Amino acid sequence: MNFKNIFLGAMALSMVSGVALAGALDEPDNMAPFFTDSSMKTMKPEADFKAAWAATAKDKQDMMMKECQDAAMSKPHAEFCASLMQYAGHK
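All figures in this text were calculated on a predicted structure; none of them were measured in a lab.

Asker: Account for helix H4 (residues 58–68), with residues named and values stated.
Answerer: Of all the positions in H4, only Gln 61, Met 64, Met 65, Glu 67 and Cys 68 are classed as buried. Considered in projection along H4, the buried side chains sweep an arc of 165 degrees and stay on one side of the axis. Across H4 from its buried face, at more than 90 degrees, point the exposed residues Lys 58 and Lys 66.

Shown next as structure tokens:
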């Protein structure tokens, strides 16, 4: 019985922490407006990127900026974060 409780607790903890690891930059709905294709490999030109940023809700902008300023979170999104910092006025 004790082993079962420990196992269930560990499973619950891993599920909760797994959700916490996904951030705004990992959400396709947040990122799609900045890319020209569904595979999100080609970013939109500067004017379209800026327009997409302006259309993004302030709370999402704040989350995305925070994640781009975190080295670990931004590493998989380096190209996007570099553009975001440039176009959003943060150099």
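Asker: Explain the side chain of Asn 30 to me, using residue names and the numbers behind them.
Answerer: Mapped onto the secondary structure, Asn 30 falls in helix H2 (residues 28–31). Non-local contacts of Asn 30, meaning those with residues more than four positions away in its chain, are made with Ala 24, Lys 60 and Met 64.

Asker: Can you explain the packing of aromatic side chains? Please cite residues and give values.
Answerer: The full count for this structure, using the stated rule, is six aromatic pairs. Between Phe 35 and Phe 80, the ring centres sit 6.4 Å apart and the planes meet at 25 degrees, which makes this aromatic pair stacked. Here Phe 35, found in the loop between H2 and helix H3 (46–55), pairs with Phe 80, found in helix H6 (residues 78–87); they are 45 residues apart in sequence, far enough to count as distant. The exposure class of Phe 35 is buried, given its relative accessible area of 10%. Both rings, one in Phe 49 and one in Phe 80, keep their centres 5.6 Å apart while their planes meet at 45 degrees; by these two values the pair is tilted. Placement of the pair is Phe 49 in helix H3 and Phe 80 in helix H6, with a sequence separation of 31 residues. A relative accessible area of 1% means that Phe 49 is categorised as buried. An aromatic cluster of three or more residues is present, and its members are Phe 34, Phe 35, Phe 49, Trp 53, Phe 80 and Tyr 87.

Asker: Describe the pattern of salt bridges, with residues and values.
Answerer: Close approach of charged atoms allows side chains of opposite charge to pair. One pass over the structure, following the stated rule, counts two salt bridges. Ionic pairing is found between Glu 46 and Lys 50, a salt bridge with its closest N-O pair at 2.9 Å. Taken together, the residues span about one helical turn, with Glu 46 and Lys 50 both in helix H3 at a distance of four residues. With its nearest N and O atoms 2.8 Å apart, the salt bridge here joins Asp 62 to Lys 58. One end of the pair is Asp 62 and the other is Lys 58, both in helix H4 and four residues apart, which spans about a single turn. With a relative accessible area of 40%, Asp 62 lands in the partly exposed category. With relative accessibility at 56%, the residue Lys 58 sits in the exposed group.

Thresholds, definitions, all that
- Residues numbered from 1 in each chain as written.
- Predicted model: local features only at pLDDT ≥ 70, side-chain atom pairs only at ≥ 80, totals over all residues.
- Heavy atoms only, no water.
- Buried < 20%, exposed > 50% of the residue type's maximum accessible area, 1.4 Å probe, protein only.
- Helix = DSSP H or I, 4+ residues; strand = E, 2+ residues; numbered from the N terminus.
- Arc of directions from axis to C-beta.
- Contact = heavy atoms within 4.5 Å.
- Phe/Tyr/Trp six-rings, centres within 6.5 Å; stacked < 30°, edge-to-face > 60°.
- Salt bridge = Lys/Arg side-chain N within 4 Å of Asp/Glu carboxyl O.

Interpretation in functional terms is not warranted from these geometric data alone.
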